[in-house]
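# What the coordinates show
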Amino acid sequence: MVRAIERRIRVLKSDPPRQDGDCVLYWMQHSQRAFANPAFERAAYWANECALPLRVLFVVDPDYPDASERHFYFMLEGLKETMAETAKRGAHFSLRIGKPAETVARLARSAAVLVTDRAYLRHLVEWRKEVAETVDILVEEVEGDVIVPVDEPTDKMESAARTIRPRLHKALKNFLDLPGEVTLKVNAKGLGHEDDQSLDDIGAFIDRIGCDTSVGRVTFFRGGTSEARSRLTHFLRQDLPHYGDDRADIVDRHVSHLSPYLHFGQISPLEIYHKVMDSKAKGESQDSFVEEMLVRRELGVNFVHHNRRYDSFDALPDWAKKTLAEHAGDTRAPSYTAKQLEDGKTEDPYWNAAMREMRVTGYLHNHLRMYWGKRILGWMRSPKTAYETTLALNNKYFLDGRDANSYANVAWIFGMHDRGWPEREVYGKVRTMTPSGLKRKFDIDAYVRWAEAL
Ligand SMILES: Cc1cc2nc3c(=O)[nH]c(=O)nc-3n(C[C@H](O)[C@H](O)[C@H](O)COP(=O)(O)OP(=O)(O)OC[C@H]3O[C@@H](n4cnc5c(N)ncnc54)[C@H](O)[C@@H]3O)c2cc1C
């Protein structure tokens, strides 16, 4: 392992490897891929060190917070591919259904070493803590879903992109190495178990786990590393050259559509970074993409890592809460309920089209997400209700919902990581966005026609 990879590793439990272990266990949770995954490579390294086979374990929790068939289906498509690629590498993939921390602890009883990947949301951090407290072997956690490990650029919550940007760029040079692929020495053929689940029929698996089916699967995105990589190739060729000037264009979308793949760890952000930097599209397009995928995305990770109330209205900065409270009594005209919003029944055809797109496809362009959220703030009877409704719809419909980015960006609608603007009705000093802005900048009627035809 090269040093840059080692700087991604944290020891969660420093007990020695178990002498009579029958495998090394990689609990795959956040980095759901067999390539460019430093946690996978670290586990493979330990398997070779201990002369043991490698078991890769993924535990599907049917009660995962806010997860529906939409999220499960996309995730399982990705896992099906990862399962096959894991087998090609000579490791065994155990897919189990259950409570993650409990299941991992049970399987770790016969393992020599446990390696996992790093995650940042509260319940994911708790799962790892619980596992480390329960098991009595070496436990390592490896951080592979950010370019710069979260504790490296800063040890506090940054207030804005402008404050974290120079720190991330300074740290970046130390974290540019992709992990080398470790060849496994011991084959894992003997590790199969009757509890291991098959993904031959994803629909049947979904029926078996009995998850929430109120939001169905989407056909606009197919999960998996190879699909992520082919979207990346398409983006580099067709869209990256326009990213600098035209990334905000909601009609001619020169964006990558990679956020669902990043959310499920089906592709490495570092792999994307290198492909973008090696591409022919130099200058502003590269810089703008790095601004979004490094600075904005990792600002979101910094936010949830340092602010344990990241999913609450209370997490907003004081100036934003104060100005919103001062305007809480302003008349909202029109005003809508959460149900009217979810059904896309407002007087704003642009907004309804955006709500329709997200219900049908599980995705929205960034500029539309901003507009979508800002209008909710303007329409609901209180800023707190507006915050809760925005977050709930975000996480219910977006494939990339329930991400660090979900919490940071919904909070941005309400003033987080932003500054005060000239004071207005309802919004106070929080930034607004208007339909006239959309009409001026884009062929928004073409967008509405497109969304209505979905
Ligand atoms: C109200 C609101 C809600 C949002 N909810 C989510 C969410 O639930 N999950 C989510 O992943 N993103 C969310 N975003 C951020 C952003 O809109 C999406 O990441 C982006 O639109 C994804 O599309 P893309 O992959 O085509 O982006 P591209 O423009 O191709 O960008 C590449 C990558 O950079 C990152 N990125 C791009 N824009 C931003 C941004 N503004 N902030 C942080 N990272 C960014 C994403 O990881 C993205 O995949 C939200 C933004 C707003 C304003």
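Residues numbered from 1 in each chain as written. Predicted model: local features only at pLDDT ≥ 70, side-chain atom pairs only at ≥ 80, totals over all residues.

## Some details on the site of the ligand
What counts here: Nearness is defined per residue: the C-beta atom, placed using the backbone, must lie within 6 Å of the molecule or strand. Strands here mean DSSP runs of E at least two residues long; helices mean DSSP runs of H or I at least four residues long; both are numbered from the N terminus. Amino acids are sorted into nonpolar (Ala, Val, Leu, Ile, Met, Phe, Trp, Tyr, Cys and Pro), charged (Asp, Glu, Lys and Arg) and polar (every other residue, Gly among them).
Around the ligand sit 29 residues, and of these Ser-256, Ser-259, Asn-366, Ser-406 and Asn-409 come closest. Secondary structure elements with two or more residues in the shell around the ligand: helix H9 (259-263), helix H11 (284-306), helix H15 (366-379) and helix H17 (404-413). Class assignment for the residues of the shell around the ligand results in nine nonpolar, 13 polar and seven charged.

## Describing the nonpolar core
Across soluble globular proteins, nonpolar side chains have a tendency to be buried as a group. For clarity, the cut-off: Take the buried Ala, Val, Leu, Ile, Met, Phe, Trp, Tyr and Cys residues, join any whose C-beta atoms are within 7 Å, and the set you get is a nonpolar core. To assign burial, the other C-beta atoms lying within 10 Å of each residue's own C-beta are counted, with C-beta atoms placed from the backbone; 20 or more indicates buried, 12 or fewer indicates exposed, and intermediate counts indicate partly exposed. Here contacts are defined at the residue level, using C-beta atoms placed from the backbone and a cut-off of 7 Å between them.
Counting 127 residues, the largest nonpolar core has Val-24 and Tyr-26 as its most contacted members. Residue contacts for Val-24: discarding those within four places in its chain leaves Ala-43, Trp-46, Ala-47, Cys-50, Leu-52, Leu-54, Ala-111, Ala-112 and Val-113.

## Here's the deal with the sheet that holds strand E4 (residues 92-97)
Selection rule: In this scheme, strands are said to pair when DSSP sees at least two bridges between them. Axis lines are fitted to C-alpha atoms, over the contacting stretch for helices. Their N-to-C directions set the angle, which ranges from 0 to 180 degrees.
An order of E1-E6-E5-E2-E3-E4 is seen for the six strands of this open sheet, with the pairing classed as mixed. The open sheet terminates on both sides in strands that have one partner only, identified here as strand E1 (9-14) and E4. Neighbour-to-neighbour, the strand axes of this sheet turn through a mean angle of 25°, independent of strand direction. Here helix H3 (residues 69-88) sits on the sheet in contact with strand E3 (54-60) and E4, set at roughly 145° to E4. Together, strand E2 (23-27), E3, E4 and strand E5 (111-117) form the strand contacts of helix H4 (residues 100-108), whose direction differs from that of E3 by roughly 160°.

## Some points on the domain arrangement of the protein chain
You'll often see interface size given as the accessible area lost when the parts meet. The condition that has to hold: Delimitation of the domains relies on an automatic or database domain assignment.
Examined at the domain level, the protein chain breaks down into domain 1 (1-144), domain 2 (225-306) and domain 3 (313-452). Spacing between the C-alpha centres of domain 1 and domain 3 amounts to 37 Å. Contacts between the two partners involve seven residues from domain 1 and, on the opposite side, six residues from domain 3. Of the residues assigned to the side of domain 1 that touches domain 3, the class counts are four nonpolar, one polar and two charged.

## Considering the environment of Arg-106
Here Arg-106 shows up in helix H4. Looking at Arg-106, the number of C-beta atoms within 10 Å reads 15, which means it is partly exposed.

## Considerations on the packing of helix H8 (residues 225-246) against H11
Note the cut-off: Any angle that falls under 35 degrees is termed roughly parallel, while one over 145 is termed roughly antiparallel, one within 65 to 115 roughly perpendicular, and all others oblique.
Their axes nearest at 7 Å, the elements H8 and H11 cross at an angle of 80°. Comparing their axes, H11 and H8 come out roughly perpendicular. Taken together, the residues of H11 that come into contact with H8 (itself represented by Leu-240, Pro-241, Tyr-243 and Gly-244) are Glu-284, Ser-285, Ser-288 and Phe-289.

## A short note on helix H5 (residues 122-134)
Filter applied, for reference: The length a helix should cover is 1.5 Å for every residue beyond the first. What the arc covers is the set of directions going from the helix axis to the C-beta atoms.
Look at H5: 18 Å from first C-alpha to last across 13 residues, which is about the 18 Å you get at 1.5 Å a residue. Among all positions of H5, only Trp-127, Arg-128, Val-131 and Ala-132 are buried. Along the axis of H5, the buried positions cluster into a sector of 125°, meaning they face one direction only. Exposed side of H5, more than 90 degrees from the buried face: His-123, Glu-126, Lys-129 and Glu-133 are the residues found there. Looking at the buried side of H5, the elements it contacts are E1, H4, E5 and strand E6 (138-142).

## Quick notes on the packing of H4 against H5
This is how the line gets drawn: Working rule for handedness: look at the near helix, and if it is turned counterclockwise from the far one by less than a right angle, call the crossing left-handed; if clockwise, right-handed.
Relative orientation of the contacting elements H4 and H5 amounts to 30°, with a least axis distance of 9 Å. In terms of their interaxial angle, H4 and H5 are classed as roughly parallel. In the packing of H4 onto H5, the handedness of the crossing is right-handed. Across the interface between the two elements, Pro-100, Ala-101, Val-104 and Ala-105 of H4 pack against Trp-127, Glu-130, Val-131 and Thr-134 of H5. Residue composition of the contact of H4 with H5, grouped by class: six nonpolar, one polar and one charged.

## Here's the deal with the pairing of E5
Taken across its seven residues, E5 has seven buried, putting it largely inside the fold. Strand direction decides the pairing type here: E2 and E5, joined by five bridges, are parallel. Note that in E5 the partner of Trp-27 across the bridge is Thr-116. Here E5 pairs with E6 via five bridges, running parallel. Note on E6: the bridge partner recorded for Val-115 is Glu-140.

## Considering the environment of Phe-220
Here Phe-220 lies in the loop between helix H7 (202-209) and H8. Distance from Phe-220 to Ala-87, taken between C-alpha atoms, is 28 Å for residues 133 residues apart in sequence. Other than its neighbours up to four places away in sequence, Phe-220 contacts Thr-361, Gly-362 and Tyr-363.

## Re unusual backbone geometry
A negative phi angle characterises most non-glycine residues, just as the trans form characterises most peptide bonds. Omega for the bond connecting Ala-333 with Pro-334 falls within 30 degrees of zero, at 0°, which places this linkage in the cis form. Note on placement: Pro-334 falls in the loop between helix H12 (318-326) and helix H13 (338-342). The backbone of Ala-51 shows a phi angle near 55°, a positive value even though the residue is not glycine. For Ala-51, the position within the fold is in the loop between helix H2 (38-49) and E3. Backbone geometry places Arg-402, a non-glycine residue, at a positive phi of 65°. Position of Arg-402 among the secondary structure elements: in the loop between helix H16 (383-397) and H17. With 21 C-beta atoms packed within 10 Å, Arg-402 lands in the buried category.

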